[in-house]
Amino acid sequence: MAFFTVSAFSAERAIVDAAGRAVRVPVQPQRVLALSEIDLDSLLALKIKPVGATNGRGQGGMPHYLGNAVSGLASVGNFGSPVLDLVIAAQPDLILVGSLPDPELLAQLSKIAPTVVSYKQGEDWQLALRRIAEVVGRPAQADALLSAYRRRAETLRGKLGAQANATVSVVRWNPQGPSYMLKDAFASLVLADLKMRRPAAQMQAGVAHSPPLSLEALSRIDADWLFVGTLNTSQANDALSAARQSPAFRQLGAVQKGHMVAVDGSLWTSPGGPLAALAILNDVEKAMLGG
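These notes cover the structure that comes with them. From a predicted model like this one, the values you see are computed outputs, not experimental measurements. (Residues numbered from 1 in each chain as written. Predicted model: local features only at pLDDT ≥ 70, side-chain atom pairs only at ≥ 80, totals over all residues. Heavy atoms only, no water.)

Things to note about the overall build of the protein
To keep it simple, the criterion reads: Runs of E in the DSSP output that reach at least two residues are strands. Runs of H or I that reach at least four are helices, and both are numbered from the N terminus. Radius of gyration here is computed from C-alpha atoms only, and the compact-globule reference equals 2.2 Å multiplied by the residue count raised to the power 0.38. Exposure categories follow from relative accessible area, calculated using a 1.4 Å probe and restricted to protein chains: below 20% of the type maximum is buried, above 50% is exposed, and the middle band is partly exposed. The protein chains shown are the only cover counted for residues, whose accessible areas, like all others here, come from Shrake-Rupley with a 1.4 Å probe. Only four residue types enter the charge count: Lys and Arg as positive, Asp and Glu as negative, with His and the chain ends excluded. Charge placement uses NZ in Lys and CZ in Arg. For Asp and Glu, CG and CD serve respectively.
Summing up its helical and strand segments, the protein has eleven helices and twelve strands in all. For a compact globule of 291 residues, the expected C-alpha radius of gyration is about 19 Å, and the protein comes in at 20 Å, within 12% of that figure. In terms of overall dimensions, the protein has C-alpha extents of about 65 × 40 × 35 Å along its principal axes. Taken across its 291 residues, the protein has 52% of its residues classed as buried. Total accessible area on the protein stands at roughly 12,800 Å², and carbon and sulfur atoms take up 52% of it. Across the protein, the mean location of the 27 positive side-chain charges is 5 Å away from that of the 23 negative side-chain charges.

Quick word on the pattern of salt bridges
Put simply, the rule is: The term salt bridge refers to a side-chain nitrogen of Lys or Arg lying within 4 Å of a carboxyl oxygen of Asp or Glu.
The full count for this structure, using the stated rule, is nine salt bridges. For Arg 24, the salt bridge identified is with Glu 12, shortest N-O distance 3.2 Å. Of this pair, Arg 24 sits in strand 2 (residues 22–26) while Glu 12 is found in strand 1 (residues 12–16), placing the two residues twelve residues apart along the sequence. Using a relative accessible area of 35% as the deciding quantity, one classes Arg 24 as partly exposed. Judged by relative accessible area, which is 29%, Glu 12 ranks as partly exposed. Residue Lys 183 is joined to Asp 184 by a salt bridge in which the shortest nitrogen-to-oxygen separation is 3.8 Å.

Things to note about the sheet that holds strand 9 (residues 168–174)
Counted only if it meets this: Should DSSP find at least two bridges between two strands, the strands are regarded as paired. Axes here refer to lines fitted to C-alpha atoms; in helices the fit is confined to the stretch in contact. Angles between the N-to-C directions go from 0 to 180 degrees.
Spatially, four strands are ordered 10-9-11-12 in an open sheet, and the strand pairing comes out mixed. Two strands in the sheet have a free side with no partner beyond their single neighbour: strand 10 (177–180) and strand 12 (260–264). Strand after strand, the sheet turns through a mean of 35 degrees between neighbouring axes, direction not considered. The pairing of strand 9 with strand 10 spans four bridges and is classified as antiparallel.

Points about the nonpolar core
The condition that has to hold: Residues belong to a common nonpolar core when they are buried Ala, Val, Leu, Ile, Met, Phe, Trp, Tyr or Cys residues joined through side-chain atoms within 4.5 Å. Two residues form a contact once any of their heavy atoms are found within 4.5 Å.
Counting 59 residues, the largest nonpolar core has Leu 40, Phe 227, Trp 268 and Val 284 as the members making the most contacts within it. Per-element accounting of this core gives the leading share, seven residues, to helix 11 (residues 274–289). Once residues within four sequence positions are removed from consideration, Trp 268 is found in contact with Val 170, Met 181, Ala 187, Leu 191, Phe 227, Val 263, Ile 280, Asp 283 and Val 284. Residues Trp 173, Leu 226, Ala 239 and Ala 243 belong to the second largest nonpolar core, which totals 17 residues.

Side note on the pairing of strand 1
Burial along strand 1 is one-sided: the residues Arg 13 and Ile 15 are buried and none of Glu 12, Ala 14 and Val 16 is. Bridging between strand 1 and strand 2 involves five bridges; their strand directions are antiparallel. Across the sheet, residue Ala 14 finds its bridge partner in strand 2, namely Arg 24. The antiparallel hairpin formed by strand 1 and strand 2 contains five residues in its connecting segment, where Gly 20 sits at a positive phi of about 80 degrees.

Quick word on the side chain of His 259
Position of His 259 among the secondary structure elements: in the loop between helix 9 (253–256) and strand 12. When neighbours within four sequence positions are excluded, His 259 is seen to be in contact with Asp 224, Trp 225, Leu 226 and Ala 254.

Observations concerning the sheet that holds strand 4 (residues 52–53)
Picture the strands of a sheet paired through backbone hydrogen bonds; they go either parallel or antiparallel. On the basis of which strands lie adjacent, the open sheet formed by four strands has the order 4-3-7-8 and parallel pairing. Of all strands in the sheet, those with a lone pairing partner are strand 4 and strand 8 (115–116), marking the two edges. As paired elements, strand 7 (residues 94–96) and strand 8 share two bridges and run parallel to each other. Directly across from Ile 95, in strand 8, lies its bridge partner Thr 115. Where helix 1 (residues 37–45) meets the sheet, it contacts strand 3 (32–34), strand 4 and strand 7, and its direction lies at approximately 135 degrees from that of strand 3.

Section: helix 5 (residues 139–160)
Applicable threshold: The span expected for a helix works out to 1.5 Å for each residue beyond the first. Note that the arc is computed from the directions linking the helix axis to the C-beta atoms.
Between its first and last C-alpha, helix 5 extends 32 Å over 22 residues, near the 32 Å set by a 1.5 Å rise per residue. Within helix 5, burial applies to Ala 142, Leu 146, Tyr 149, Arg 152, Ala 153, Leu 156 and Leu 160. Projected down its long axis, helix 5 carries its buried residues within an arc of 120 degrees, all on one side. Looking at helix 5, the residues exposed on the side facing more than 90 degrees away from the buried face are Ala 140, Arg 151, Glu 154 and Gly 158. Packing partners of the buried residues in helix 5 comprise helix 4 (125–135), helix 6 (186–193) and helix 11. Positive phi shows up at Gly 161, right after helix 5, with a value of about 60 degrees.

Right, here's the structure in full:
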């Protein structure tokens, strides 16, 4: 599947990005800058280490789940607000900005290096991966990654047995309380690929999460399994620790069955790419099968 129109030109080619913008990009980019989690994850999965990236949203560094893969990777600021001086210092020959909606920032970045909107807001991560792979000239590698992911999901579903029909709740605990991830959020899509069921309230359309719930409304996050993460701020962690002591929390069915699983919020409750999707499958296997 081709996403871009290519024209012959020594070391460049013309593309049309996800925002419909015509951009000339290097045929073989050497210094790619990633300004979203999906861009960063996808580049690493495609065996391209960028020259820099923005921090994960709500975090002071790269997304935690990427571990050593981002060792030594320079930060160019926070998600959605890169520091232009740091972008310039990275000397990129290609900038991937995810679904950046800010036209002024987009124009500023485009003066530094060819800048590509790599996916549309709310777009499925698999389609985003294919677009990114097309931009950097590695479409075959993207096909291989997605085939491996589908095989992994199918194999895991077979292993789960009766657990494959369990309901699964995905929650980000904020300082104000818990929010559940909606139907089209990243982790929700991975669970859908596993054909796992969500609580009815969490089948609401949307790529983000619900408003924070009060402790009196905790029944809305209950399920056979409850995966809970924070973005690792002290306020969110303190709020979750306090909630664990409340009678309402202890009365949740998942808690009583020992099926409340603490997970990395930067993985489960933020956008991600193929590495994040595989990591979620690993978390599910470990939690439900002790794998």
